[in-house]
Amino acid sequence: MKTFKIGGVHPAENKLSAANPIKVASLPKQAVFSMFQHIGSPAKPVVTKGDAVKVGTLLAEADGFVSAPIYSSVSGKVNKVDAIVDASGYRRPAIFVDVEGDEWEESIDRSSTLITLSDRPELTDKDIVAKIKEAGVVGMGGATFPCHVKLSPPPGTKAECVIINAVECEPYLTADHRLMLEKADEILVGVDLIMKAVNVTKGYVAIENNKPDAIRLMREKASKYPHIEVVPLQVKYPQGGEKQLIAAVIGREVPAPPAIPIHVGAVVQNVGTAFAVYEAVMKNKPLFERVITVTGKSVKEPTNFMARIGTPMSQLIDECGGLPEDTGKVIGGGPMMGKALMNLDVPVCKGSSGLLIMNQKEARRGEEQPCIRCAKCVGACPMGLEPYLLATASSMRNWEMVEDNDIVSCIECGSCQFTCPSNRALLDNIRTGKSTVMALIRARNAK
Amino acid sequence: MANKFIISLSPHVHGNDSVQRNMYGVCIALVPALICSLYYFGIGAAIVLATSVLACVFFEWAINKFILRNDKVTITDGSAILTGLLLGFNLPSNLPIWIIFIGALVAIGVGKMTFGGLGCNPFNPALVGRVFLLISFPVQMTSWPVAGQWMAYTDAETAATPLAIMKKAITGDGVEALSELPSSFDLLVGAHGGCLGEVSAIALLIGLAYMLWTRIITWHIPVSLLGTVVVLSGLLHLSNPIYSSPEQVLMTGGLLLGACFMATDYVTSPMTPKGQLIYGASIGLLTVVIRTFGAYPEGMSFAILIMNAFTPLINTYCKPKRFGEVIKK
Amino acid sequence: MDVIWIAVVALGAVGFLLAVVLFVASKKFAVHEDPRIAQVSEVLPQANCGGCGYPGCAGFAGACVKAADAGTMEGLLCPVGGAPTMENIAKILGQEIISAAPKVAVIRCNGTCENRPRVAEFDGVRSCRVQLMLGTGETGCAFGCLGCGDCASVCMFGAIHINPETGMAEVDEAKCTACGACVKICPRRIIELRPKGPKSRRMAVLCVNRDKGAVANKVCKVSCIGCGKCVKVCAFEAITMNSNLAYIDPEKCKLCRKCEDACPRGAIHAINFPARKPKAAEETSSAQVGKKVAIDERPSKSIETNA
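Rules used in this analysis
Residues numbered from 1 in each chain as written. Chains lettered and ligands numbered in written order. Predicted model: local features only at pLDDT ≥ 70, side-chain atom pairs only at ≥ 80, totals over all residues. Heavy atoms only, no water. Helix = DSSP H or I, 4+ residues; strand = E, 2+ residues; numbered from the N terminus. Rg over C-alpha atoms; globule rule 2.2 N^0.38 Å. Buried < 20%, exposed > 50% of the residue type's maximum accessible area, 1.4 Å probe, protein only. Areas by Shrake-Rupley, 256 points an atom, 1.4 Å probe, with all protein chains shown as cover. Lys, Arg positive; Asp, Glu negative; His and termini not counted. Charge placed at Lys NZ, Arg CZ, Asp CG, Glu CD. Pairing = 2+ DSSP bridges. Disulfide = S-S within 2.5 Å. Axes fitted to C-alpha atoms, helices over the stretch in contact; angles between N-to-C directions. Parallel < 35°, antiparallel > 145°, perpendicular 65-115°, else oblique. Left-handed = near helix turned anticlockwise from the far one by under 90°. Contact = heavy atoms within 4.5 Å. Buried area = accessible area lost by both parts, 1.4 Å probe. Salt bridge = Lys/Arg side-chain N within 4 Å of Asp/Glu carboxyl O. Polar contact = N/O pair within 3.5 Å; in protein donor to acceptor, adjacent residues only side chain to side chain. Nonpolar A, V, L, I, M, F, W, Y, C, P; charged D, E, K, R; others polar.

Engineer: Explain the overall build of chain B to me, please; I cannot follow it from the model alone.
Structural biologist: Counting secondary structure elements, chain B contains 15 helices and 3 strands. The C-alpha atoms of chain B give a radius of gyration of 21 Å, which matches the 20 Å a tight globule of 329 residues would have. Taking the principal axes of its C-alpha atoms as reference, chain B extends roughly 85 × 60 × 30 Å. Taken over 329 residues, chain B has a buried fraction of 58%. For chain B, the computed accessible surface area is about 13,600 Å², with 71% contributed by carbon and sulfur atoms. When the 17 basic and 15 acidic side-chain charges of chain B are each reduced to a single mean position, those positions are 20 Å apart.

What follows is the structure, encoded as C-alpha cells:
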C-alpha cells in the first residue's frame, strides 16, 4: 500500500457521519457572501443595496488573475454591502442577501442527466479553463486556491498527470467520502475535464483505504475510463497535503519553496473541485453550494449537508439537533488544520469542508510541560524539519536561525504538536516564525 | 452570547501522549530486570533500589521546594523515579545506604536540577551519580556480591565479575583466564556478579522490546550501539583470542543496560535519526576501546557521558533529510 | 644556583621575544579609530538598546561623529539619554545644541475588560502575535490591545507591564525612555511615541479602531466612532479624521481640552492634567461612565510616578 515516506501521524479517525447520506440543507433567511472566499485578491462587489438577484447571479467579480468571482446561492434582494466576521476571524467585506423564494438563473441546467466529454467533443482545453474561471471554482479542500490558476501552468513547466485528492485525511470529516459515494459518475467526468484542460493522459484518484466502499465504487465506475486510475493509500495524516499526496502517488517530492507541484509535473485537485468543475462546465452551474460535514462527539445527528454558500453555520447546527450544552470550541474545518470560530454567524463559504463541535473537555489544551527532547516531533514532521528547534528559536525571535532551518517549508499540518508528549504549543510558535520570515523574505525581494 | 467559545490555533486534537506515559513506560520496561535483580541479590537489591528511588524523588522535591522555591510539583512526572531506578541498577547490591544518598544527591542535584530540571540536563543524571560514586568510592563500588545470596546486604560475599576476568585475560593471564567466565546461559539469565540491573541480558532485552513496541524509543541508538560493539569485539576476538568473543562482550557488564536504557535517554541523546546512529556507534566504539585498552574494566558509563557532551554538536550538524527533491541546475 | 639562572634567563628571553611580537603586531595591525567616537561613547548610557536605530551605543557614537563631520546632527537622538546626553555629545563634537522634545510611549487603547467585553477565550501561547492569527482575538475589536504582553517582554527598562485587572498594557512614564522597541513589536501598531508635553501633560485619542461607527460602538464602550465632533470643536486644526478614526497632532495641540469634553465616547484623554473641579465632573452625563473611570484612574496614577 502506497503512502508518503517522511513523518506523519495517525490521529483517531472519528468519522461519525460516514454512513449518513448527503442531506440538502434548507434555505437560509439571509445569506452572507464574504468577499474573501479564496486565496488571492478579494472579489469586487457588482451589486448594490436593493438589487434583485437569482440563484446563480453574479454578485462580485474577480479582481485580477489570482482571484475568483462570487455568485449568489439564493434568490432575493441585496440587503446591504457591509462586513462580517468570517471563518478567518477577521471582519471582511460581505454582501448580505435577504432570501425570497428559490428562483434560479435560466442558463443553469438543473436536470440530473449525465453529460460526458464524448457528448461535448467541441470543448477545447481553453474553453474548459475559461468556463472554470467564470464559474468561480476554487480548491474545495480548504485551501481555496482559484482552480483556473492551477490549470494554467506557468511558462517553462508542463503538466504530466492529474492527481485527484480524495484522501480526506482530516479526522471527523466525511464530505468528500459521501460525495464520492453519491456522485461518482459526475466526479469522473470532472476528472476527465481537468485532464483535458491541462492536456495530460494520466489521472489518479487517491483514496485512503479507510473508505473501502468509495474505493470499490470508484474503481467500478472508472473501468470506463482507461486513463484514470484509482489509487488506494495507507491511512496517514497529512496525506491530503498536496506535497505528501504527490509523494505518495507518483513517488516524487516537490522541491523546497518557492517550487510548486507543477515543477514535478503534477496538478492536484480536490475531489470536490472535480465535481464543481463538472457542474460548471457541463451544467453551466457556477459554484454556489458545497458539501459540508457538521459533526462532533456531542452533536445529536452528525450530518453531511449540501449547503448553499452564505448559509450561517448556526442554521446547519440547528438542523443537526442544536448546539450541545457543553460546547467549548467550534471549528471551521477539521481538527488538525481548521480554524476555531468565534461565533456561529459565520457563513458557509467555498472552502468550508466541515464544522466540528468540541465539548469543553476536548477543547482545552493540556498543560504545557518542559521539552524532554524526545525527538518525536522530528519523527512526525512530514517535511523533515525540526519543530522543537523552530518553535524555540521562533519564541526567542531568532529569525535568522529559523530561516536557516527551512521554516518556510513548514506546511502547518500540526503533526508535531499532535505528537508532543509535553503538550507544547509548537505550531503556535512556528507560525509566528514562519510569518515573520516570509515577511522578511518579501521585503528582501522587493528591494 | 450564552457561552464564550475557546479559540486557539490548530491542531485542535492531541495524540494523548504525555511525559508521564513515556517515563512510566520506561519504568515498566525495567520491571523484568528489577525482578531478576531481586531474584539474584535478594534483600540487598531491595534495599539499594528502594533507597535510590526514594532519595532521588526526595531530593527533587526538596530542591524544588526549598532552593528553587518553585511550587510546581515535578516529582509526579516520573523522571525522578526513573533516575532513581537507573541509578540503583548501576550500583552493587552491598552498597551502604549513605553512599546511595550521596549518589542520589549528585544525580538529581548536580546532574539535573542545576541545569534547570527536566529536559535541560546535558548529561544523563543517573550516570553522573554513578560515575561520581565510582570515582569517590572505588572500593565499595567495585566489590560485587556473588549472585544468589538472598538474605545478605553489606555482609555479602563478593567475587570477581565476568568483566574483571575478561580484563585479566587481556592484561596478562591470557586465554586460560577466560575459562573462569560463567557459561553463556548464566550470562543470559543473569546468574553472575555485577551491578543490580545489568546482570540479566534476557530481562533487559525484554524491556527493550517493550519500549520499541510501545514506540517510547526508536531502534536507532540501541541497534547502532550494539552493532558497533559486536563488529569491533568480533574483529578483536578474531585477531587474538585473549579478547573475549562478541556474545560474551555483549552480555557482560552494563552494556545492554546502557544501550537500552541509558544511551536512549531522551534528553541527552541527539534528535535526528542520523544523529542517533552516529551517537550510538560512537558509544559502542568508545566502550570497546575503554574496555580493551583502558584502566577500567567497564567503559559504558564513561562512553555515554562523553557522547552526551557531543550531543549538541551532533544536533547542530545532523539535520533530518528535508522533504523535496534538489532542483538540478 | 645554575638552575635559577637558567630559569631567569629563559623566562626573560621568552618574555622579550613575546614583547617584540606584540609590539610589531600592535603597530602593523593598528586600526585607526576617531578618538571622538570613544569620547561620545563615554557619555552615552551604554544600554545598547538600539532605540536610536543604530546597532548599540558604539554604532550611534560613530553615526554622531560622521553626522557632525557632515555638518549637522539633526535627526539623531539617543532616546534613553534624551536632551542632556545630546547636549553633551554636541559639546564634544562642537555642534549646535539641538533640542528635541522628549517622547514617551502611549498605548492608544483603553479597551479594559470592563470597557470591551471578551467574546471568546484564547487558549494557546500567550503572545500577541499568536493571538493575532485568530482574527479579532478575545474581544470583538480587530484593532485594540491583545493584552498578551509582547511589548512588556521586549521592554528593556521594565516600563511596560500588563495590568491583570484591565488585561491591558500600561506604561510607566518614569521608566519609559521612548526607545521604540514596543512600537516595533506591537502587531496591532497601537503604541505610539508621542511628545511628553509641558509638565508631561498631553492629549491623545486612546483608540485605534478604524471600523465604522456602528461596529466600533458594539465592540467597545470607549471606542472612537469617527463622529467628528472633536474635529469641529478644535480651534487649532490639530485633529484629523482618517478612516473613522480621530488623531490629535501633538505639534499643533494646545492642550485646551475642548475635544475631551466634546467626545461622546470618552476616547480622548487628557493625560497628567490635575483633576478637574467637581463641578465640571458633574456636568458630564451618566452615559460617560467609562470615560470618567478612565480619566480618574490615569492622572492619579501618573502623578504618583512623576512625583
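Now that the structure has been shown, the text picks up again.
Engineer: Hey, could you run me through the pairing of strand β4 (residues 168–171) of chain C in this one?
Structural biologist: In summary, the side chains of a regular strand alternate between the two faces of the sheet. All names here are of chain C. Across the two faces of β4 the burial is the same, with Met 168 and Glu 170 and Ala 169 and Val 171 all buried. Sheet topology places strand β3 (residues 160–163) next to β4; 4 bridges connect them, and they run antiparallel. Bridge pairing in β4 places Ile 160 opposite Val 171. Counting the residues that bridge the hairpin from β3 to β4 gives 4 residues, and of these Gly 167 lies at a positive phi of roughly 70 degrees.

Engineer: Got a minute to help me understand the state of the cysteines in this structure?
Structural biologist: A covalent bond between the sulfur atoms of two cysteines is what we call a disulfide. Applying the stated criterion across every chain, the model contains 0 disulfides over all chains. Counting only cysteine sulfurs, A:Cys371 is the nearest neighbor of B:Cys120, a cysteine outside any disulfide, at a range of 8.8 Å. For B:Cys120, a relative accessible area of 42% gives the class partly exposed. C:Cys128 takes part in no disulfide bond, and the closest cysteine sulfur, belonging to C:Cys148, lies 4.8 Å away.

Engineer: What is the right way to read the packing of helix α3 (residues 56–70) of chain C against helix α4 (residues 82–93) of chain C from this model?
Structural biologist: Between two packed helices, the angle of one axis relative to the other and the distance separating the axes together describe the packing. Residues and elements named next belong to chain C. The N-to-C vectors of α3 and α4 enclose an angle of 50 degrees; their axes lie 11 Å apart at closest approach. By the angle between their directions, the pair α3 and α4 is classed as oblique. Viewed along their axes, α3 and α4 form a crossing whose handedness is right-handed. Contacts between α3 and α4 involve Phe 60, Cys 64, Val 65 and Ala 68 from the former and Met 86, Ile 89 and Leu 93 from the latter.

Engineer: Is there a simple way to think about the environment of A:Met337 in this case?
Structural biologist: Within the fold, A:Met337 resides in the loop between β15 (327–332) and β16 (339–340). The exposure class assigned to A:Met337 is partly exposed, which follows from its relative accessible area of 42%. Sequence spacing of A:Met337 and A:Glu170 is 167 residues, and the spatial spacing of their C-alpha atoms is 8.0 Å. Residue contacts for A:Met337: discarding those within four places in its chain leaves A:Glu170, A:Tyr237, A:Ile411, A:Glu412, A:Cys413 and B:Ser10.

Engineer: Would you explain unusual backbone geometry in this entry?
Structural biologist: Comment: phi is negative for the bulk of residues other than glycine, and the bulk of peptide bonds are trans. All names here are of chain A. Residue Pro 238 is reached from Tyr 237 by a cis peptide bond, and omega for that bond is -5 degrees. Following the sequence through the fold, Pro 238 ends up in the loop between β11 (228–233) and α6 (242–250). Omega for the peptide link from Pro 257 to Pro 258 comes to 10 degrees, which places this bond in the cis form. Inspection of the secondary structure assignment puts Pro 258 in the loop between α6 and β12 (266–270). Backbone geometry places Asn 199, a non-glycine residue, at a positive phi of 55 degrees.

Engineer: So what exactly am I meant to see when it comes to the interface of chain A and chain B here?
Structural biologist: Where the parts come together, the accessible area they lose is often given as the size of the interface. The interface is formed by 65 residues belonging to chain A together with 41 residues belonging to chain B. Summed over both sides, the interface between chain A and chain B buries roughly 4,400 Å², with carbon and sulfur atoms accounting for 56% of that surface. If you sort the residues of chain A by the area they bury against chain B, A:Glu253, A:Ile372 and A:Arg373 come out on top, with a joint share of 15%. Here chain A and chain B share 5 salt bridges between them. Close ionic contact of A:Glu386 with B:Arg322 constitutes a salt bridge, the shortest N to O distance being 3.5 Å. Counting every contact that joins chain A to chain B gives 23 residue pairs in polar contact (both at pLDDT 80 or more). Taken together, the elements giving at least two residues each to the side of chain A that touches chain B come down to α6, β15, β16, α9 (360–363), α10 (376–380), α11 (387–395), α13 (415–419) and α14 (426–446) of chain A. Sort the elements by how many residues they give to the side of chain A that touches chain B and β15(A) lands first, with 5 residues. Grouping the constituent residues of the side of chain A that touches chain B by class yields 33 nonpolar, 15 polar and 17 charged.

Engineer: Looking at this model, I keep getting lost on the interface of chain A and chain C. Mind explaining?
Structural biologist: At the junction of the two partners, chain A supplies 18 residues and chain C supplies 23 residues. Together chain A and chain C conceal approximately 1,600 Å² of surface at their shared face, both sides included; 52% is due to carbon and sulfur atoms. Contact with chain C buries area across many residues of chain A, yet A:Arg91, A:Met342 and A:Arg397 alone supply 36% of it, more than any other trio. At the surface where chain A touches chain C, the tally comes to 3 salt bridges. Two residues, A:Asp82 and C:Lys212, come together in a salt bridge whose shortest N-O distance is 3.6 Å. Counting across the interface, chain A meets chain C through 8 residue pairs in polar contact (both at pLDDT 80 or more). Considering each element in turn, the side of chain A that touches chain C owes the most residues, 5 residues, to α14(A).

The values are spatial; any link to function lies outside them.
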